[in-house]
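Examining the three-dimensional arrangement
Now for the letters of each chain:
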Amino acid sequence: QLQLVESGGGLVQPGGSLNLSCAASGQTSTTYYMAWFRQPPGKGREFVAVISWSSGRSNYADSAQDRFTISRDNFRNILYLQMNSLKPEDTAVYYCAAETVGRNWYPREYEYNFWGQGTQVTVSS
């Protein structure tokens, strides 16, 4: 099975940057898509970005466009989320997710079958 562990979260001032990592271990050879989701305090989980593991094609939520970059290291099985120009509204628990079944298009949230435990990102002065 696949195990996902996020890291890199913490406290950052508005306008600052963070680079989140998600290390995948176990049976990683069948990963088709990996994505980042986040859950702000008191709110539901929302999509941030997704990447095709093989092609590198990516898609972003409107809130992440132009500020966040999703990438992956195929050799080391690590997913990244580079976050720049952070705002207080970016404060959330950030989760990585993986889809290992294979689909024609980017998966829906419910189609991701492996999830990490989350890492806290707090943007505050």
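Residues numbered from 1 in each chain as written. Predicted model: local features only at pLDDT ≥ 70, side-chain atom pairs only at ≥ 80, totals over all residues. Heavy atoms only, no water.

This paragraph deals with the overall build of the protein. Summing up its helical and strand segments, the protein has zero helices and 11 strands in all. Moving toward the C terminus, one meets the helices and strands of the protein in the order β-β-β-β-β-β-β-β-β-β-β. Relative to a compact globule of 125 residues, whose C-alpha radius of gyration would be 14 Å, the protein shows 14 Å and is just as compact. Each of the 125 residues in the protein was classed as buried or not, and the buried ones make up 46%. Long-range contacts, defined here as pairs at least 24 residues apart, represent 56% of the contacts in the protein between residues at least 6 apart. Carbon and sulfur atoms make up 46% of the accessible area of the protein, which totals about 6600 Å². Across the protein, 10 positive and 10 negative side-chain charges occur, with their mean positions spaced 2 Å apart. (Helix = DSSP H or I, 4+ residues; strand = E, 2+ residues; numbered from the N terminus. Rg over C-alpha atoms; globule rule 2.2 N^0.38 Å. Buried < 20%, exposed > 50% of the residue type's maximum accessible area, 1.4 Å probe, protein only. Contact = heavy atoms within 4.5 Å. Areas by Shrake-Rupley, 256 points an atom, 1.4 Å probe, with all protein chains shown as cover. Lys, Arg positive; Asp, Glu negative; His and termini not counted. Charge placed at Lys NZ, Arg CZ, Asp CG, Glu CD.)

Attention shifts here to the sheet that holds strand S8 (residues 78–83). Read across the open sheet, the four strands follow the order S1-S3-S8-S7; overall the sheet is antiparallel. Since the sheet does not close on itself, it has two edges, and those belong to strand S1 (2–7) and strand S7 (68–73), each with one partner. Geometrically, the sheet is characterised by an average inter-axis angle of 15° between neighbouring strands, direction not taken into account. Bridge count for strand S3 (residues 18–26) against S8 is six bridges, and the pairing is antiparallel. Across the sheet, residue Ser21 finds its bridge partner in S8, namely Tyr80. (Pairing = 2+ DSSP bridges. Axes fitted to C-alpha atoms, helices over the stretch in contact; angles between N-to-C directions.)

So yeah, pure geometry; function would need other evidence.
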